[in-house]
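Structure assessment
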Amino acid sequence: LTGVLDDCLCDIESIDDFNTFKIFPKIQKLQERDYFRYYKVNLKRPCPFWADDGHCSIKDCHVEPCPESKIPVGIKAGSSNKYSKAANNSKELEDCEQANKLGAVNSTLSNQSKEAFIDWARYDDSQDHFCELDDERSPDAQYVDLLLNPERYTGYKGPSAWRVWNSIYEENCFKPRSVYRPLNPLAPSRGGDDGESFYTWLEGLCLEKRVFYKLISGLHASINLHLCANYLLEETWGKPRWGPNVKEFTRRFDPAETKGEGPRRLKNLYFLYLIELRALSKVAPYFERAVVDLYTGNGHEDAESKALLLDIFRDTKSFHMHFDEKSMFAGDKKGAKSLKEEFRLHFKNISRIMDCVGCDKCRLWGKLQTQVLGTALKILFSEKEIQSLPENSPSKGFQLTRQEIVALVNAFGRLSTSIKELQNFKVLLQQTR
């Protein structure tokens, strides 16, 4: 992959260098901080679109709770919200212990703590939300330690997985039924059509709808890259060995294996990276205010976490080839408003489809990353509100919940990792030739 990306003035080599030398090392450290490692999610919401296919029984899809005592006191304290410092931070904070079972999702919250998160469940009614958010006060919502539940190959595949992706692409990407995606296993045989009719249709769309498709395709490519890079290579005597699977990567992305589709998917990954990078640079003023503490109960760690986050923001603002979101929804006001609302409803629908994923670990990361697509758009179209935020009081006009903040950092960390893993696969492929 080389050269300039479509629909923006940025080249792949610049993104590779920027990510490798500036973003990747710092975002990895930030994800290890307590504030960003615990994500609350409801993995028990029923699929709203079709009868449940049944859950994946593979052990790497498994969910197992982690003791409540291991959640940092500041995260579960009812006396503090995500902005304020609490007087009581004397309890020792501990990291969540390694799960007993391989790959188990570690989550917990006892009934007496359910009311602890009302402050974090407040949403700004004046904001448009681009995704369907879990009700954090639901008894089924649980905290998950993301570090103990890495996104990797679980064995979840086949008709159930294809049904989810097909529903996303076919029903939510502004696509007519008569136009079939390249390599869609559910499409009828198209003879000599190698997908060019799809791309002819795509080029005929307005910029906004092309961007929508590229965001979804980029997310799909990123998820597939994680599965290839963190693959179960062998399991002998109960000791699994995870690592990059070059054969699987080739099957999913090699031009010859995918009729040229693989490189297009990877370019969409870079495009998605640019969109989320732009969102981070735009939301920096929100976090630069003294009122935002990234509170966990450990004052020293909280200060270090914020310093590292602000350092990353400085890097994002220094990038000189950002995507220009002002080119979107720039037509007549009535048409732009209608298109933006259509955008928002499509994204909300996709976030609901994630409740149809049969593998809990796949569902966890799918929900987190689709939530961030919506959060990124919410940021990009709230520039004026962000610029006019009060310095020393809670936000009015624009607000992020702790959930959105945690998801934003972790999802961008996933994209940063994908691009880093792509560089690794390039080296591995050269070695095998």
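Note that this is a predicted model, so its numbers are computed, not measured.

Put simply, side chains in a regular strand alternate between the two faces of the sheet. Sheet topology note: the strand 5 (residues 231-236)/strand 6 (residues 239-243) ladder contains five bridges and is antiparallel. For Glu235, the partnering residue across the bridge sits in strand 6 and is Pro240. Following strand 5, the chain reverses through two residues before pairing antiparallel with strand 6; Trp237 in that reversal takes a positive phi of roughly 55°.

Moving on to the packing of helix 7 (residues 246-253) against helix 13 (residues 402-432). Close contact between helix 7 and helix 13 brings their axes to 11 Å; oriented N to C, the two are set at 110°. Classified by the angle their axes make, helix 7 and helix 13 are roughly perpendicular. Across the interface between the two elements, Val246, Phe249 and Thr250 of helix 7 pack against Leu422, Phe425, Leu428 and Leu429 of helix 13. Looking at the contact of helix 7 with helix 13 residue by residue, the class counts come to six nonpolar, one polar and no charged.

Counting across every chain of the model gives one disulfide. Paired by a disulfide, Cys47 and Cys356 hold their sulfur atoms 2.0 Å apart. Disulfide Cys47-Cys356: the torsion about the S-S bond is 75°, which places it as right-handed. On the criterion of sequence distance, the pair formed by Cys47 in the loop between strand 1 (38-42) and strand 2 (63-65) and Cys356 in the loop between helix 10 (333-353) and helix 11 (360-380) is long-range, its members being 309 residues apart.

Take unusual backbone geometry next. Phi at Asp7 takes a positive value of approximately 65°, unusual for a residue other than glycine. Looking at where Asp7 falls in the secondary structure, it is placed in the segment before helix 1 (12-31). The phi dihedral of Phe174 falls on the positive side, at around 60°, and the residue is not glycine. In this fold, Phe174 is placed in the loop between helix 4 (159-172) and helix 5 (196-203). With relative accessibility at 13%, the residue Phe174 sits in the buried group.

With that settled, the discussion passes to helix 5. Buried within helix 5 are the following residues: Phe198, Tyr199, Trp201 and Leu202. Down the axis of helix 5, the smallest arc covering the buried residues is 155°, so these residues share one side. Within helix 5, the exposed residues directed more than 90 degrees away from the buried face are Thr200 and Glu203.

Turning our eyes to something else, we now look at the UniProt feature "active site" (unreviewed entry) in the protein. In the numbering adopted here, UniProt assigns the feature "active site" (unreviewed entry) to Cys359 and Cys362. Residue placement: Cys359 occurs in the loop between helix 10 and helix 11. A relative accessible area of 0% places Cys359 in the buried class. Mapped onto the elements, Cys362 comes out in helix 11.

Considering the arrangement of structural elements, one finds Glu170 in helix 4. Given the relative accessible area of 7%, Glu170 is considered buried. For Glu170, the contacting residues outside a window of four places in its chain are Lys175, Arg177, Val179, Arg181 and Asn184.

On to the confidence of the model for the protein. The predicted structure's coordinates, where accompanied by low pLDDT, should not be read in detail. Of the residues in the protein, 80% reach a pLDDT of 70 or more, and the chain-wide mean stands at 81. The model gives residues 86-127 a pLDDT under 50, and that stretch makes 124 contacts with residues more than four places away or in other chains.

About the criteria used
- Residues numbered from 1 in each chain as written.
- Predicted model: local features only at pLDDT ≥ 70, side-chain atom pairs only at ≥ 80, totals over all residues.
- Heavy atoms only, no water.
- Pairing = 2+ DSSP bridges.
- Helix = DSSP H or I, 4+ residues; strand = E, 2+ residues; numbered from the N terminus.
- Axes fitted to C-alpha atoms, helices over the stretch in contact; angles between N-to-C directions.
- Parallel < 35°, antiparallel > 145°, perpendicular 65-115°, else oblique.
- Contact = heavy atoms within 4.5 Å.
- Nonpolar A, V, L, I, M, F, W, Y, C, P; charged D, E, K, R; others polar.
- Disulfide = S-S within 2.5 Å.
- Buried < 20%, exposed > 50% of the residue type's maximum accessible area, 1.4 Å probe, protein only.
- Arc of directions from axis to C-beta.
- UniProt positions renumbered as here; feature names shortened; annotations may be inferred.
- pLDDT = per-residue confidence, 0-100.

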